[in-house]
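Listed below are the residues making up each chain.
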Amino acid sequence: MKKRKQIEKKLSSSKKLVAKEVKEERLALLNMLEDIDEARKIVEEEKEKTEAIITNFTDGLLFFDKKGKLSLINLQASSFFKVKSEEVIGKSILELTKIPNLLPLVELLGKEIKGIFRKEIEIRENLVLEVNTIPTMKAEEKIGNLVILHDITRERIIERIKTEFVSLAAHQLRTPLSAIKWTMKMLLEGDLGPITDEQREFINKTYQSNERMIELINDLLDVARIEEGKYLYKPVFTNIEPIVKFVINSFKQEIEDRKIKLEFKKSFGVLPKAKVDIEKIRLVIQNLLENAVKYTKPGGDVTVSLKQIKDKIEFSIKDTGVGISQDQQKRIFTKFFRAANVVRMETDGSGLGLFIAKNIVEAHGGRIWFESEEEKGTTFYFNLPIKEEFGEFLKEF
Amino acid sequence: MKKILLIEDEKIMVDILQRKLTKEGYDISVANNGKEGLRVMKEINPDLILLDIIMPEMSGFEVMEEMRKDSKLNKIPLIVISNSGQPVEINRVKKLGAEDWLIKTEFDPQEVLEKVRKQIGN
């Protein structure tokens, strides 16, 4: 009897224990559920926030999944192209080519969605977009491509106004500069009566300064015209060698004066012709040669070479000059840029020569590049395609 | 004496050219804009015309267009002296029948004289 009671007591206490445990576990479970719910809410809120950001972002955003199908288009992108998201979501690039409004973008992206950095496309009269694509990775795996569209219409308008201003100002400046030039020349030639040697010396210097001003204005006009897309090209199918020789000849005096050893290396035989605008290519070579001569110390070497590499004619000019410092190399083709070391050497110079050269070469479907080491020298290269047609030439009007 | 009509609105350019060319023995008449130029050329029937492009009243282009319509005027040799050397402009004046052209910032009075001599002699 006593034993039974003992057992019952034990049983009841363990029952209580179990009940207590169950209760506790239930509580813990409830707590967990609550936590999960909380976390879910947070995630949802985050998702909504992200979606709101994407939707209302001022740049247009498109996301293509790894199969190349469009899985996201935000409001701004829809309004750029005047398409509804339901018309385009889930479609592949190929299917999207059938939507006329999207064609300019789709053509730029290509079938595989190329890596694109700051390419401009004109969607319509007053909408210019800058396109960038970013491959999106998760851990090591590519999960798709993000396309970012930035509206640069305003920048383009401002740029155009600036270009027009430069062009107008330069034209206006040419009139008084011509008058000064002609007057100085009359004085120098004795048309206005005899002058003393001292007067001649000063008038000569004034004449030279005026010539430099005219050159600068001409450079500015060239740049303005490149930017307006009005740079005329008169393409002819011709040999490059005579153009190179002509420019070298025109620098003969300067090369001698500066005691520079110039060598023209040409590969054997006749090089194939290329389709070029002679005047413009002459200007490119002239700008490169002028830099090489100007920034090489007396006694230095300048080597010009011309050869065929595959389907291109390659021109190079190597000097033993001051070189371009590593940190400034990136900016060398930028408009108005002049490297610090050359500014110290020669205060004159517009910083436009290489910008003009690059634009001319690229308009011919060629490429311009360089190698340089400070205090050792620089080699500039450009190539031109040999084929009879060329790339997109800038139009006259 | 060979007669040259100079159509130019910039006074200093007129002074310089007039002086240079008179000294060389040419007879120079001057018009300060295109309209006046057309009137004077009908009056004096010059041996050569030196024509500026950008001028008030009537531009050099318009003067050339008018001259082409006239069987007498379109026979007068013409040299364009312009401030701008845009290839489009050069093409246009060539099409309109200019014998020669020169850009003021690239030439000087001596070279103008040589071009004049080439056209009509001394």
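Residues numbered from 1 in each chain as written. Chains lettered and ligands numbered in written order. Predicted model: local features only at pLDDT ≥ 70, side-chain atom pairs only at ≥ 80, totals over all residues. Heavy atoms only, no water.

**Student:** Just checking my understanding: could you explain the interface of chain A and chain B for this structure?
**Tutor:** When the parts of a complex come together, some accessible area is lost, and that lost area is often taken as the interface size. Every contact between the two is made by 20 residues of chain A and, on the other side, 23 residues of chain B. In total, about 2100 Å² of surface goes out of reach between chain A and chain B, with carbon and sulfur atoms giving 60% of it. It is Arg174(A), Trp182(A) and Met186(A) in chain A that bury the most area against chain B; as a group they hold 33% of the surface buried on that side. Here chain A is connected to chain B by four salt bridges. Linking chain A to chain B there are eight residue pairs in polar contact (both at pLDDT 80 or more). Of all elements in the fold, only helix H6 (153-188) and helix H7 (197-228) of chain A reach the threshold of two or more residues within the side of chain A that touches chain B. With ten residues, the single largest contributor to the side of chain A that touches chain B is H6(A). Residue composition of the side of chain A that touches chain B, grouped by class: eight nonpolar, five polar and seven charged. (Contact = heavy atoms within 4.5 Å. Buried area = accessible area lost by both parts, 1.4 Å probe. Salt bridge = Lys/Arg side-chain N within 4 Å of Asp/Glu carboxyl O. Polar contact = N/O pair within 3.5 Å; in protein donor to acceptor, adjacent residues only side chain to side chain. Helix = DSSP H or I, 4+ residues; strand = E, 2+ residues; numbered from the N terminus. Nonpolar A, V, L, I, M, F, W, Y, C, P; charged D, E, K, R; others polar.)

**Student:** Hey, could you run me through the confidence of the model for chain B in this one?
**Tutor:** Low-pLDDT portions of the prediction should not be read for the details of their coordinates. Taken over all residues, the pLDDT of chain B has a mean of 91, while the share at 70 or more is 100%. Scored as a complex, the prediction yields pTM 0.61 and ipTM 0.84. (pLDDT = per-residue confidence, 0-100.)

**Student:** It is not clear to me how the packing of helix H8 (residues 241-250) of chain A against helix H10 (residues 278-294) of chain A should be interpreted in this structure. Could you clarify?
**Tutor:** The packing of two helices is summarised by the inter-axis angle and the distance between the axes. All names here are of chain A. It is the contact of H8 with H10, at a shortest axis distance of 9 Å, that shows an interaxial angle of 45 degrees. With respect to H10, the element H8 is oriented oblique. The interaxial crossing formed by H8 with H10 has right-handed handedness. Residues Ile243, Val244, Phe246, Val247 and Ile248 of H8 form the contact with H10, whose own contacting residues are Ile278, Ile281, Arg282, Ile285, Gln286 and Leu289. Considering only residue class, the contact of H8 with H10 consists of nine nonpolar, one polar and one charged. (Axes fitted to C-alpha atoms, helices over the stretch in contact; angles between N-to-C directions. Parallel < 35°, antiparallel > 145°, perpendicular 65-115°, else oblique. Left-handed = near helix turned anticlockwise from the far one by under 90°.)

**Student:** What am I meant to see in a negative patch on the surface here?
**Tutor:** Residues and elements named next belong to chain A. Judged by side-chain charge, Glu34, Asp35, Glu38, Glu45 and Glu48 come together as a negatively charged surface patch. Turning to its location among the elements, Asp35 is positioned in helix H1 (residues 2-56). Its relative accessible area of 52% is what places Asp35 among the exposed residues. (Patch = residues over 30% accessible without salt bridge, like charges linked within 9 Å, V, L, I, M, F, W, Y side chains within 5 Å. Areas by Shrake-Rupley, 256 points an atom, 1.4 Å probe, with all protein chains shown as cover. Lys, Arg positive; Asp, Glu negative; His and termini not counted. Charge placed at Lys NZ, Arg CZ, Asp CG, Glu CD. Buried < 20%, exposed > 50% of the residue type's maximum accessible area, 1.4 Å probe, protein only.)

**Student:** Quick question: what am I supposed to make of H6(A) here?
**Tutor:** An α-helical turn contains 3.6 residues, so a residue and the one three or four places further along point in the same direction. Here H6(A) spans 52 Å end to end across 36 residues, near enough to the 52 Å set by a 1.5 Å rise per residue. Gly190(A), located one to two residues past H6(A), shows a positive phi value of around 75 degrees. (Expected span 1.5 Å × (residues − 1).)

**Student:** It is not clear to me how a nonpolar patch on the surface should be interpreted in this structure. Could you clarify?
**Tutor:** All names here are of chain A. On the surface, Leu30, Leu33 and Ile36 cluster together into a nonpolar patch covering about 300 Å² of accessible area. For Leu33, the location among the structural elements is in helix H1. For Leu33, a relative accessible area of 52% corresponds to the exposed category.

**Student:** Explain the sheet that holds strand S5 (residues 141-151) of chain A here, please?
**Tutor:** Residues and elements named next belong to chain A. On the basis of which strands lie adjacent, the open sheet formed by five strands has the order S2-S1-S5-S4-S3 and antiparallel pairing. Lying at the two open borders of the sheet, with one neighbouring strand each, are strand S2 (70-73) and strand S3 (119-124). Between one strand axis and the next, the sheet turns by 25 degrees as a mean value, whatever way the strands run. As paired strands, S3 and strand S4 (residues 127-138) are joined by five bridges and run antiparallel to one another. (Pairing = 2+ DSSP bridges.)

**Student:** When you look at the packing of aromatic side chains in this model, what are you seeing that I'm missing?
**Tutor:** Inspection of the entire model under this criterion finds five aromatic pairs over all chains. Relative to Tyr381(A), the ring of Trp369(A) lies with its centre 5.0 Å away and its plane at 10 degrees, an arrangement referred to as stacked. Placement of the pair is Trp369(A) in strand S11 (residues 367-373) and Tyr381(A) in strand S12 (residues 377-385), with a sequence separation of twelve residues. Of the residues examined, Tyr381(A) reaches a relative accessible area of 15% and is grouped as buried. Members of the aromatic cluster, each reached through a chain of ring pairs, are Phe333(A), Phe370(A) and Phe380(A). Between Lys205(A) and the ring centre of Phe202(A), over which it is positioned, the NZ or CZ distance is 5.6 Å. One Lys or Arg, Arg92(B), reaches over the ring of Phe61(B) and ends 3.8 Å from the middle of that ring. (Phe/Tyr/Trp six-rings, centres within 6.5 Å; stacked < 30°, edge-to-face > 60°. Lys NZ or Arg CZ within 6 Å of the ring centre and 35° of its normal.)

**Student:** Which parts of the structure should I look at to understand the nonpolar core?
**Tutor:** Generally speaking, nonpolar side chains in soluble globular proteins are found buried as a group. All names here are of chain A. The biggest cluster of nonpolar side chains holds 48 residues, and the ones touching the most others in it are Leu289, Phe315, Ile317 and Phe382. A total of eight residues in this core trace back to one element, the largest contributor, which is H10. When neighbours within four sequence positions are excluded, Leu289 is seen to be in contact with Val247, Ile248, Phe251, Leu262, Val302, Val304 and Ile317. In terms of nonpolar packing, the next biggest core, distinct from the first, is built from 26 residues, Phe80, Val88, Val131 and Val147 among them. (Core = buried A, V, L, I, M, F, W, Y, C linked by side-chain atoms within 4.5 Å.)

**Student:** What am I meant to see in the pattern of salt bridges here?
**Tutor:** Opposite charge on two side chains allows them to pair when their charged atoms are near. Under the counting rule described, the total for this entry stands at 32 salt bridges over all chains. Residues Lys20(B) and Asp191(A) are paired through a salt bridge, measuring 2.4 Å at the closest nitrogen-oxygen approach. Taken together, the residues Lys20(B) in helix H1 (residues 11-23) and Asp191(A) in the loop between H6 and H7 connect one chain to another. For the residue pair Lys20(B) and Asp191(A), the accessibility class agrees, reading buried in each case. The shortest N-O distance in the salt bridge between Glu65(B) and Arg92(B) comes to 3.6 Å. Of this pair, Glu65(B) sits in helix H3 (residues 60-69) while Arg92(B) is found in helix H4 (residues 87-95), placing the two residues 27 residues apart along the sequence. Glu65(B) sits in the partly exposed class, given a relative accessible area of 34%. Taken together, the shared-partner salt bridges connect Glu189(A), Asp191(A), Lys20(B) and Lys23(B) into one network.

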